[in-house]
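# Architecture at a glance
Chain residues, written in single-letter form:
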Amino acid sequence: MNNTEGQVTSVASRTSVPHRGKEKGLYNSITVTRPLDEVISICKDPTNVEKVLSDLPEGIENFFDLTLVSTSDDQLRWENKPKSKVKGTLIMDFASRPAGRGTIITSSAVLSNFALKKEESSDLMYVFLKRFKALIETGELASTKGQPSGRDELKASDKKNLH
Amino acid sequence: MKALCWEGKKEIELKHVHDPKIINPHDAIIRVTTAAICGSDLHLFNGVVPSMMKGDIMGHETMGEVMEVGPLVKNIKVGDRIVIPFDIGCGSCHHCEEQEYSACDNTNPNFMMPQKLNGYSGAGLFGFSHMYGGYAGGQAEFIRVPFVDTNSIVIPPGIDDEKVLFLSDIFPTGYMAAENCNIKRGDTVAVWGAGPVGQMAIRSAFLLGAERVIAIDHYEARLQMARDGGAETINFDDVDAIVDELRFLTGGQGPDSCIDAVGMEAHGHSILNAVDQFKQKTKLALDRPDALRRAIQSCRKEGTVSVPGVYAGLLDKFPLGASFGKGLTLKMGQTHTQKYMKPLLDRILKGEIDPSFVITHRINIAEGPQAYKNFNDKKDEYIKVVMKMQ
């Protein structure tokens, strides 16, 4: 489980995820090119979690309405709020990659009263992690929402002030 | 604003749409002064790239003046004149830090689509289908540019748009294709496709030290342009077997490196190409890879095949056995445009090359829909079209 330089940290990150059985658990991992403490600090912030889980791509449903219940140097544990329809737990484990190559985030989640199709499971966790990575690395989430297209062609009355 | 929109296979329309606005803090809004139609736009025009939607704004070769910047933009300011690369890098992920901008991890909001199709997601691209992010393109009066500090190069005053516009795509694409060949003194490079990217690859191969460049096409105007750039040429309509012809021209060895600047819509006279045509028309395949097959078969042992041409799907009858047997190096991929913009601008400013040689037609945006048809049909010796927005 050492994460010192030169060690294989992917094993560490994998073994640090509690085994929950593939039928129920959602798993995925991603690498973020930032140091571990910075990554944890950003992931801890509820406003960032809210950003990541809002406005998800089409076809991805948000099952999480999370509150942070415990933190450590390499793990955050979230649970769905008491009034949420879905009862779930989300754990994020953090491990440094060797030679300053960033941080691996491994996520695992259990939705105890809700069954997802296999494809939905992998999509949900991948989207969750990919969006966190983007937010941490760039400070924003790529979007085309609200951009112009010919699908919103202007009506004749709107064309008065055209460039 | 006015914009050229994709309305279905072989249908481009000029439409009046809303102006773009700042969406994210690293964005900028650009007033487009000059744009171009790219050969890869024709793949969209012909409906062979999946995930286009009616109304998508076309164009990924664009330059203009910065009108507005988001609150976190640091280096670009209102009034700057910039060229915009076709691929969108975030500037912060591992790949962008390695100057592998077209592999950017963070700029494709529709990353699940290519992830499911190909197992990965690359960068978002301007005006190039929803699989590549669905970003509105630059054949419009205005364009929104995400992460503008990364996705721009400022052009000094006094240099004409036409000399620098192609820093957005075809010049870096042709240059990277030639660079991928690892050209050594005395090398012969064969280039399939003497369209705009092929023309830039020819000139770049010479810039990088090639002794001979052999261009292969069947449009006389394109072959003439290649000859003007110093290349020898082969019209593939005039030879029985291009592989044999190239072997003959290179003393039995084959070219040291081969560039496929054709991509997924190759023409040719082989039976395999006829099969490709049928499969593409019936949606059984996305690509017609005949140029790539010939490049692999022609290249000398231990040579390099470089592929700037666009491919989208699973290739049929791909000669992997020949590639393996000859120990070929295959290099390919979307161009890391941002990496090349500055050094290539320097070459332009020094007078080593003027990429505007490739322009054959100048139009207004209103003439865009017809220009697409003409370019696709190779009418009137169309090679490269640039358009003004007014």
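As a starting point, this report considers the structure included with it. Not measured: the values here are computed from a predicted model. (Residues numbered from 1 in each chain as written. Chains lettered and ligands numbered in written order. Predicted model: local features only at pLDDT ≥ 70, side-chain atom pairs only at ≥ 80, totals over all residues.)

A tally of regular secondary structure across chain B gives 13 helices and 18 strands. Relative to the globule expectation of 21 Å for 390 residues, the C-alpha radius of gyration of chain B, 20 Å, shows essentially globular dimensions. With the principal axes as the frame, chain B shows a C-alpha extent of 60 × 50 × 45 Å. Out of the 390 residues in chain B, the part that is buried amounts to 55%. (Helix = DSSP H or I, 4+ residues; strand = E, 2+ residues; numbered from the N terminus. Rg over C-alpha atoms; globule rule 2.2 N^0.38 Å. Buried ≥ 20, exposed ≤ 12 C-beta atoms within 10 Å, placed from the backbone.)

Now for the overall build of chain A. Along its length, chain A carries 4 helices and 5 strands. The order of helices and strands in chain A, counted from the N terminus, is α-β-α-α-β-β-β-β-α. Here chain A, with 163 residues, has 33% of them falling under the buried criterion. Long-range pairs, those at least 24 residues apart, make up 60% of the contacts in chain A with a sequence separation of at least 6. (Contact = placed C-beta atoms within 7 Å.)

A word on the interface of chain A and chain B. On the side of chain B, 42 residues touch chain A, which itself brings 27 residues to the contact. Tallied by class, the residues present in the side of chain A that touches chain B amount to 7 nonpolar, 10 polar and 10 charged. (Nonpolar A, V, L, I, M, F, W, Y, C, P; charged D, E, K, R; others polar.)

Now for the sheet that holds strand β13 (residues 232-235) of chain B. Residues and elements named next belong to chain B. Read from one edge to the other, the open sheet built from 6 strands follows the order β13-β12-β11-β14-β15-β16, with strand pairing classed as parallel. Since the sheet does not close on itself, it has two edges, and those belong to β13 and β16 (329-332), each with one partner. Neighbour-to-neighbour, the strand axes of this sheet turn through a mean angle of 20°, independent of strand direction. On the sheet, helix α10 (residues 290-298) packs against β11 (188-192), β14 (257-260) and β15 (304-307) and is oriented at approximately 180° with respect to β14. (Pairing = 2+ DSSP bridges. Axes fitted to C-alpha atoms, helices over the stretch in contact; angles between N-to-C directions.)

Further remarks concern the packing of helix α5 (residues 170-179) of chain B against helix α12 (residues 337-349) of chain B. Helix packing for two helices is described by the angle between their axes and how far apart those axes are. All names here are of chain B. Their axes nearest at 9 Å, the elements α5 and α12 cross at an angle of 100°. With respect to α12, the element α5 is oriented roughly perpendicular. Only T337, Y340, M341 and L344 of α12 make contact with α5, whose side of the interface consists of F171, P172, Y175 and M176. The class makeup of the residues in the contact of α5 with α12 is 7 nonpolar, 1 polar and no charged. (Parallel < 35°, antiparallel > 145°, perpendicular 65-115°, else oblique.)

Counting residues in hydrophobic clusters, the biggest one holds 118 residues, and the most contacted among them are I30, V83, V191 and A201 of chain B. When residues no more than four places from it in sequence are discounted, the contact partners of A201 of chain B are G174, A177, A178, V191, I259, A261 and P308 of chain B. Counting 32 residues, the second largest nonpolar core, distinct from the first, contains F63, L76, F94 and L111 of chain A. (Core = buried A, V, L, I, M, F, W, Y, C linked by C-beta atoms within 7 Å.)

Another aspect to go through is the pairing of strand β4 (residues 88-96) of chain A. Residues and elements named next belong to chain A. In terms of burial, β4 is largely enclosed, as 7 of its 9 residues are buried. In this sheet, β4 lies alongside strand β3 (residues 75-80) in antiparallel orientation, the contact comprising 5 bridges. Looking across to β4, one finds that Q75 is bridged to D93. Summarising the sheet, β4 and strand β5 (residues 103-111) pair through 9 bridges and their orientation is antiparallel. Looking at β5, one finds that D93 is bridged to T106. Where β4 folds back on β5, the antiparallel hairpin that results is connected by 6 residues, among which A99 adopts a positive phi of roughly 55°.

This part takes up unusual backbone geometry. Residues and elements named next belong to chain B. The phi angle at Q99 is positive, at roughly 65°, despite the residue not being glycine. The residue Q99 is located in the loop between α2 (94-97) and α3 (112-118) in this model. By the C-beta count within 10 Å, which is 12 here, Q99 ends up exposed. Its identity is not glycine, yet E302 carries a phi of approximately 65°, on the positive side. When you line up the elements, E302 lands in the loop between α10 and β15. Judged by C-beta crowding, with 10 C-beta atoms within 10 Å, E302 ranks as exposed.

In this section: α12 of chain B. All names here are of chain B. With 13 residues, α12 extends 18 Å from end C-alpha to end C-alpha; this agrees with the ideal 18 Å at 1.5 Å per step. Along its length, α12 reaches its greatest deviation from straightness, about 25°, at P343. Every buried residue belonging to α12 is among T337, Q338, K339, Y340, M341, L344 and L345, and all of these are buried. (Expected span 1.5 Å × (residues − 1). Bend = angle between axes of the 7 residues up to and from the residue.)

All names here are of chain B. Relative to the helices and strands, V213 is located in strand β12 (residues 212-217). Measuring from C-alpha to C-alpha, the distance between V213 and V189 comes to 4.8 Å, with 24 residues separating the pair along the chain. The contact partners of V213, leaving out residues within four places of it in the chain, are V189, V191, I202, A205, F206, G230 and A231.

With that out of the way, let us pick up the pairing of strand β17 (residues 361-364) of chain B. All names here are of chain B. Across 4 bridges, β17 lies against strand β18 (residues 385-388) in parallel orientation. The partner of R362 across the bridge, within β18, is V386. Remark: the β17/helix α13 (residues 368-377)/β18 crossover connection has right-handed handedness. (Right-handed = clockwise from strand over helix to strand, strands pointing away.)

All names here are of chain B. The 3 strands lie next to each other as β2-β1-β4, forming an open sheet whose pairing is antiparallel. Edge positions in the sheet fall to β2 (11-16) and β4 (56-57), since each has one partner strand and no second. Here α13 sits on the sheet in contact with β1 (2-8) and β2, set at roughly 165° to β2.

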